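# Summary of the model geometry
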Amino acid sequence: MCDVAISIGREMWLWSPTQLRAGVVEAMTMVLSEASRLDPEPKAPTRYVTLDGMRGLAALAVALFHFNIYLMPHGYVAVDLFFVLSGFVLYRSYLPKVRAGLGTGRFMLQRFVRLYPLFFLGLLLGVVVAILQIVQGDTQAPSINDLLTSIAFNGLMLPSPANVAYYPFNVPSWSLLFEIIANIALIVLIFRMPRVALVAVCLVSAVGMMPIILENGSANIGALWGEHSIALMRTAFSFTLGVLIATLPERHFRPAGWIGLICILATVGLLAMPVPQEWFGVFDLAIIFFFSPVLVYFGTRFEPPVFAVPFAVFFGDVSYALYAVHWSFIEPMRDVVKITGLSPIPAATLFLTVMVLASWMAVRWYDLPLRRKLTAMLLRDQHKSSAQR
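Residues numbered from 1 in each chain as written. Predicted model: local features only at pLDDT ≥ 70, side-chain atom pairs only at ≥ 80, totals over all residues. Heavy atoms only, no water.

A word on the confidence of the model for the protein. Low pLDDT marks regions whose predicted coordinates should not be analysed in detail. Looking at the protein as a whole, its pLDDT mean stands at 89, while 87% of the residues score no less than 70. Contacts for the low-pLDDT stretch residues 1-15, under 50 throughout, to residues beyond four places or in other chains number ten contacts. Note on residues 27-44: pLDDT under 50 across the span, and eleven contacts to partners over four residues away in sequence or across chains. (pLDDT = per-residue confidence, 0-100. Contact = heavy atoms within 4.5 Å.)

Turning our attention to the layout of surface pockets. The computed volume of the second largest pocket comes to approximately 530 Å³. Residue lining of the second largest pocket: 20 residues in total, with Gln133, Gln140, Pro168, Phe169 and Trp327 positioned closest to the centre. Broken down by secondary-structure element, the contributors of at least two residues to the lining of the second largest pocket are helix H5 (104-136), helix H6 (144-154) and helix H13 (330-340). In terms of residue class, the lining of the second largest pocket is built from ten nonpolar, seven polar and three charged. (1 Å grid on protein atoms, 1.4 Å probe; cavity = no way out; pocket = protein on both sides within 12 Å on 5 of 7 lines; lining within 4 Å. Points joined across faces, edges and corners; volume = space filled by probe spheres on them. Helix = DSSP H or I, 4+ residues; strand = E, 2+ residues; numbered from the N terminus. Nonpolar A, V, L, I, M, F, W, Y, C, P; charged D, E, K, R; others polar.)

Turning our eyes to something else, we now look at the packing of helix H4 (residues 78-99) against helix H11 (residues 280-299). The interhelical angle for the contact between H4 and H11, taken along N-to-C directions, is 45°, at an axis separation of 10 Å. The angle between H4 and H11 falls in the class oblique. Our pair here, H4 against H11, has a crossing hand that is right-handed. Contacts between H4 and H11 involve Asp80, Leu81, Val84 and Leu85 on the former and, on the latter, Ile288, Ser292 and Val296. (Axes fitted to C-alpha atoms, helices over the stretch in contact; angles between N-to-C directions. Parallel < 35°, antiparallel > 145°, perpendicular 65-115°, else oblique. Left-handed = near helix turned anticlockwise from the far one by under 90°.)

So, on to the nonpolar core. Counting residues in hydrophobic clusters, the biggest one holds 97 residues, and the most contacted among them are Met54, Trp174, Leu186, Phe239, Val296 and Phe351. Ranked by residues supplied to this core, first place goes to helix H3 (residues 49-67) with 13 residues. In contact with Phe239, not counting residues within four places along its chain, are Phe83, Val84, Ser86, Gly87, Leu90, Glu179, Ala182, Asn183, Leu186 and Ile190. Leu123, Val127, Ala130 and Phe169 belong to the second largest nonpolar core, which has five residues in total. (Core = buried A, V, L, I, M, F, W, Y, C linked by side-chain atoms within 4.5 Å. Buried < 20%, exposed > 50% of the residue type's maximum accessible area, 1.4 Å probe, protein only.)

Our focus in this paragraph is the packing of H4 against helix H7 (residues 174-188). For the pair H4 and H7, the least separation of the axes is 11 Å and the interaxial angle reads 30°. The two elements H4 and H7 cross, and the hand of that crossing is right-handed. Residues Val79, Phe83, Ser86, Leu90, Tyr91 and Val98 of H4 form the contact with H7, whose participating residues are Trp174, Ser175, Phe178, Glu179, Asn183, Leu186 and Ile187. A per-class count over the contact of H4 with H7 returns nine nonpolar, three polar and one charged.

Across all of its chains, the model carries 20 aromatic pairs by this definition. For the ring pair Tyr48 and Phe88, a centre distance of 5.2 Å and an interplane angle of 85° mean the geometry is edge-to-face. Note that Tyr48 is positioned in the loop between helix H2 (17-36) and H3 and Phe88 in helix H4, a separation of 40 residues in sequence. Exposure class is identical for Tyr48 and Phe88. Each is buried. Between Tyr116 and Phe120 the ring centres are 5.9 Å apart and the planes differ by 25°, which places this aromatic pair in the stacked class. Of this pair, Tyr116 and Phe120 both sit in helix H5, four residues apart, which is roughly one turn of the helix. Exposure remark for Phe120: the relative accessible area of 33% places this residue in the partly exposed category. Ring pairs connect the aromatic residues Phe112, Tyr116, Phe119, Phe120 and Tyr167, which therefore count as one cluster. Taking the ring centre of Tyr94 as reference, the NZ or CZ of Lys97 above it sits at 4.7 Å. The residue whose ring lies beneath Arg254 is Tyr48, and the NZ or CZ to ring-centre distance is 4.0 Å. (Phe/Tyr/Trp six-rings, centres within 6.5 Å; stacked < 30°, edge-to-face > 60°. Lys NZ or Arg CZ within 6 Å of the ring centre and 35° of its normal.)

Right under this line is the structure:
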C-alpha cells in the first residue's frame, strides 16, 4: 500500500488537475480497501452453529424419548437445555432492539409470529388423530365436549381445563406455554434486572425444584395440571441462566474444531446415558444445573469443524418443527412397527427419518412462507403507525 502511494506521489507533478483529482480518489480508495482488511475489532459471526447442532439433536432426543423411552431415557431434560438456549439467543438478539426502542407489544407480536404457526400445526395434527380415535371408537378417545373445549383453549395457546394435560392433543406444547411466560418476563423485567438479581432468580429456582425432582425420581414433570410450580421453576432457572451466559463478554472469534463437535455430541450422549433408575433424579439435576449450561457456554465460544456445519445448521433449522409436530406421529408409527415387526433400533431409525423429513417439509412449505407473510403484515402496520405520527 505504501509503495503504491509513493509511486503516485512521484508522478503527481506531471498530472493535470483532473488527473490529480482522479489520482487522489484512487489512492484513498486503495487505502480504505486495505484498512477494511485490518479491522481491529472484527464482528463475531451472528449464527452460533454449535448451538444449532445442540438444539437439533436435543429435539431428536425428545422425539425418540416419546417414541421409545428405553433408547433415550433422559430425553425430557432436553427441555431445560432449550430454555438455556432460548434465554441466551433471545437476550443477545433482542437487547439491541430493545435499547433502540422496541416495545413490549411489538416484541410479543414478533415472538407470536415465530412460535404460533408450528404450534398450531402440531395442535391441528393432534386434533386429527383425536377425531380418528373418536370415529374408530377408541377407548382412549376424548369426548366431543372435551375435544371442543380443548380446541378452544389450546387454539389460544392456553392450557385446556378439560384434561389432566395442559395440551392433550400435543403434550410437548406445555413447554411453549412456559416459553411465552419467559418471553413476557424477558421484555418486562429481565432486560432491566441487574446481574445479581438474575443470579438470585437462578438460586431460588434451583433450591425450589431440587427436592421436587428428587422426590419425583426424575425431572420428567411439568406437563400436567398441578405441576405448574415445578414447570415455572425449571423455566426460570434455565432461561435466566441462559440470559446470564449472554451477559458475558462476547467472543469475537469462535474457532472451529472438535470442541464444538464434542458439545453437539455430548448433548445427545447425556440424554441417552443409561443410569440406574434410583439415580435418575440426581443425574437429571446434574444435567440441568451443570452440563446444560456448561455445554451452552462452550457452544457459544467454539464452532464445529467445517464438515459438520451443514448438518448442524440443517438440524437446527428443523428442530422447532420436529419438537412441535412429532407427538401426532408416534401412535401411527408404532402401528407401522407392529405390522412390519421391526426391532427397536430399526424402528427408531424409521421414526426419526420420517420425523426429520416431515419437519423439513413443515418448515419449507408451511412455517417459512407463513412467517414471511405475517412479518410483512407487521411491517406494513408499523409503517402505517409511523406515518400517522
